[in-house]
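Topology and contacts: notes
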There are 2 protein chains.
Amino acid sequence: MPFFSLMLLFLPVLRAMKWLILIIPMSAVVGSLCALFLAALEAATHYRVAHPAILFLLPFAGVVTASIYFWFGGESERGNNLILEQIQKPYSGVPLRMAPLVLVSTVISHLFGASVGREGTAVQIGGSIASGFANLFKLSQEATRVLLISGIAAGFGAVFGTPVAGAIFGLEVIAIGKVDYLALVPALLASLIADWVCHAWGIHHTLYTVLFSGYSLRDEPPFHTNLILLAKVALCGVCFGLCSLVFSESTHRLGKFFKTICPKAWLRPVIGGTLTIIFVYLLDTRDYLGLGITAPEPNGASILNFFGPQSYPYSALIKILFTIVALASEFKGGEVTPLFFIGAALGNILSVWLNAPMDLLAAIGFMAVFAGASNTPIACTMMGIELFGAQNTVYLATGCFIAYLCSGHTGIYLSQQIFRSKI
Amino acid sequence: MPFFSLMLLFLPVLRAMKWLILIIPMSAVVGSLCALFLAALEAATHYRVAHPAILFLLPFAGVVTASIYFWFGGESERGNNLILEQIQKPYSGVPLRMAPLVLVSTVISHLFGASVGREGTAVQIGGSIASGFANLFKLSQEATRVLLISGIAAGFGAVFGTPVAGAIFGLEVIAIGKVDYLALVPALLASLIADWVCHAWGIHHTLYTVLFSGYSLRDEPPFHTNLILLAKVALCGVCFGLCSLVFSESTHRLGKFFKTICPKAWLRPVIGGTLTIIFVYLLDTRDYLGLGITAPEPNGASILNFFGPQSYPYSALIKILFTIVALASEFKGGEVTPLFFIGAALGNILSVWLNAPMDLLAAIGFMAVFAGASNTPIACTMMGIELFGAQNTVYLATGCFIAYLCSGHTGIYLSQQIFRSKI
């Protein structure tokens, strides 16, 4: 049967074509929405910095977004956790309206100064668009799972400009304790395409500079790993992991507490918004509003400034305060950029105490606190390499892996399954 | 109960101490043995190049190593597969004599010119020493598994000078389709220490140079990913994967065939040795003997020369021939350095056909053929980053992930479990 064997040969090719046809447009949509999101975020941040008084509207802005979700949100409210559950066991899918809802509400959060991030938004855009494509093409359960993972990868890869980390993040975030290759190549393809499309819209990602080089690829010294520095990094890894634990636990507990004292969902952002305003005037700083990649003043607390040379002793603690209040009172947005901020700030001050290179520890903290909170140590190591280069891979991996070990089993995503207990 | 809660606090610290006390000496031993092995290998290669006539003794050398294994080897004969099985379900452990046996026999293979590698040897040294420590300290099954994975990581990390890739390799090689975090931090610690110790003995690893830079970290161009080049790399990834498939299948089938026509184990290397000699004189080249990192003549076929500028159209095919004959006739040694050679050679010639940067495709082939044959795409991406730098991460990951997808389910390690089917 020559026809039959010819078919057999073409079967993998046909299957590959099917995935290309599904994933390329899906990722292009996700990449474009991420580009729109990042552009809107930048405009919102500029506007907020130029008009400081807008902060006073933060409580009302929160009421608006909470009300939008209350009336139109439905299942969207559950955000990243809903997407994780749909991957673990697809049932009703992720509603398509999640994408516009989360995009608009996150931009509102940032415009009025809530301390939230972007990755949750990007992941929800990715998951919702992917679910839309899965419904449109009436995909099987298994294929839907693959497409949802690819959607997460696309959102993550595009929003941070780190496509390989995005792909691994999509595979790693589903469960604690493993990377599952259910969607290895689809996730990479989705992430690459979405990142490319996002760049094609003219979006530029922040460049971070780590001058310290633990390992020069060109003229290798006899000892490329410094054991003393490695021990310091390992110790910092423990601190980063405990910091993730504190962050995740506080966010969940404060959220429950707010729910107890204020059962009306639309009213909760008023508490968070008011507390944020009080913190701003009590501490006399606006550095902790929004993403915090750059600060309004040249020497203010910001992710870029944590790389040195100045030290910021209380920044990590203050940012934790701002962020858990914003997240627990249900402002929309991600957790990750604040985690980058907290980690880099913690690395900054640990480098002073431990007499270690500041830019190195800021970079490791940047990745490791997130690795601990999201339980994705390999994706974070890869992201560190994509952001900072390969010369400190050994220290980055040490920081991320140990932070993962020390961050407990309750991460920022409550719907992560536990495949393997950490200890 | 203040004493009890103090104990609870110290429990993780005590557990961490236990692992440090176990893993540091174990990795130091593995790293030292790897250093001895690499030094002996270099001396053996120099001697062989200086004394070409030694090749005629290859069949007898094979008889000697086969006889040593026949009389003293016991279970050691089963090599990497035995270690994988002991990790999946520890029962009798890995015999300690595996380490000296495989070290000596691999050096003999290389001294007389068999086309074999080093990773199998390093992994077996690591696994056997780890099993020895597990027996010495009477560890539980679970702890034994962790230590065996760490042993593999230590051997791999030290022999190639790529500690983070070594750690991930140890976790990824056990089963097809996942990275299991059973031993995330112990494997990293073991790999780092072993690599450090190996360097401390004065061992230097080969430096590879990839000048092509798809992505500059310092001055990011608006499009850091070139879609045409990405498509070419994806196509190459398919070729690399099929090459892995051909290599693994041919080695296993030729091995079975040799067993059928020659039931006496000690006699089989005579066939392989004789065929190797015939190939050398038929093709009038000695470039395919041994590791092949450098060639006896300046422009000979070698891994370093495949990075450019000259092209080597038949080198991949010839090296496959030499290597499957050596491995199928049971010469001792690894598969990986020959796979690096085959992959780099295939990348070299594909770069001419596809008009793509030669050093980039040689580097991707180097990693991707191994990724396909060992089913470890993430470890190989990381290894590529550790060897060549971060500037081509996107292309490296694409090559390795697609090669993994296309290499079938029979890799070079027959005892790998299948956790998740590839398609």
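Because the structure is a prediction, the values reported are computed rather than measured. (Residues numbered from 1 in each chain as written. Chains lettered and ligands numbered in written order. Predicted model: local features only at pLDDT ≥ 70, side-chain atom pairs only at ≥ 80, totals over all residues. Heavy atoms only, no water.)

**Some words on the pattern of salt bridges**
Per the stated rule, a full pass over the model turns up 16 salt bridges over all chains. One salt bridge connects Glu-77 of chain A with Lys-332 of chain A, and the closest N-O pair in it is separated by 3.2 Å. On the criterion of sequence distance, the pair formed by Glu-77 of chain A in the loop between helix 2 (58–73) and helix 3 (79–88) and Lys-332 of chain A in the loop between helix 12 (315–328) and helix 13 (336–354) is long-range, its members being 255 residues apart. Across the pair Arg-253 of chain B and Glu-249 of chain B runs a salt bridge, and its minimum N-O distance is 3.1 Å. One end of the pair is Arg-253 of chain B and the other is Glu-249 of chain B, both in helix 9 (residues 227–261) and four residues apart, which spans about a single turn. Accessibility expressed as a relative area gives 23% for Glu-249 of chain B, which makes it partly exposed. When salt bridges with common partners are traced through the structure, they connect Glu-142, Arg-145, Lys-178 and Asp-180 of chain A together with Arg-420 of chain B into a single cluster. (Salt bridge = Lys/Arg side-chain N within 4 Å of Asp/Glu carboxyl O. Helix = DSSP H or I, 4+ residues; strand = E, 2+ residues; numbered from the N terminus. Buried < 20%, exposed > 50% of the residue type's maximum accessible area, 1.4 Å probe, protein only.)

**Some details on unusual backbone geometry**
All names here are of chain A. Residue Pro-309 is reached from Gly-308 by a cis peptide bond, and omega for that bond is 0 degrees. Relative to the helices and strands, Pro-309 is located in the loop between helix 11 (303–306) and helix 12. Even without a glycine there, the phi angle at Asn-355 is positive, about 55 degrees. Secondary-structure assignment places Asn-355 in the loop between helix 13 and helix 14 (358–374).

**Some details on the packing of helix 15 (residues 377–388) of chain A against helix 16 (residues 393–406) of chain A**
Residues and elements named next belong to chain A. Their axes nearest at 9 Å, the elements helix 15 and helix 16 cross at an angle of 150 degrees. On the basis of the axis angle, helix 15 is roughly antiparallel to helix 16. For the pair helix 15 and helix 16, the crossing hand works out as right-handed. Within the contact between the two elements, helix 15 uses Pro-377, Ile-378, Cys-380, Thr-381, Gly-384 and Ile-385 and helix 16 uses Thr-393, Leu-396, Ala-397, Cys-400, Phe-401 and Tyr-404. A class-by-class count of the residues in the contact of helix 15 with helix 16 yields nine nonpolar, three polar and no charged. (Axes fitted to C-alpha atoms, helices over the stretch in contact; angles between N-to-C directions. Parallel < 35°, antiparallel > 145°, perpendicular 65-115°, else oblique. Left-handed = near helix turned anticlockwise from the far one by under 90°. Contact = heavy atoms within 4.5 Å. Nonpolar A, V, L, I, M, F, W, Y, C, P; charged D, E, K, R; others polar.)

**Regarding the relation of the copies chain A and chain B**
Mapping between the two copies of the chain is achieved by a rotation about an axis and a shift along the axis. Once chain A is rotated about the relating axis by 180 degrees and shifted along it by 0.0 Å, it coincides with chain B to within an RMSD of 0.0 Å. Such a turn and shift between the copies fits a two-fold axis. Of the interface residues in chain A, 98% have counterparts in chain B that sit at the interface too, so the contact is made through matching surfaces. (Least-squares fit on C-alpha atoms with pLDDT ≥ 70 in both.)

Take it as geometry only, folks, not as evidence of what the structure does.
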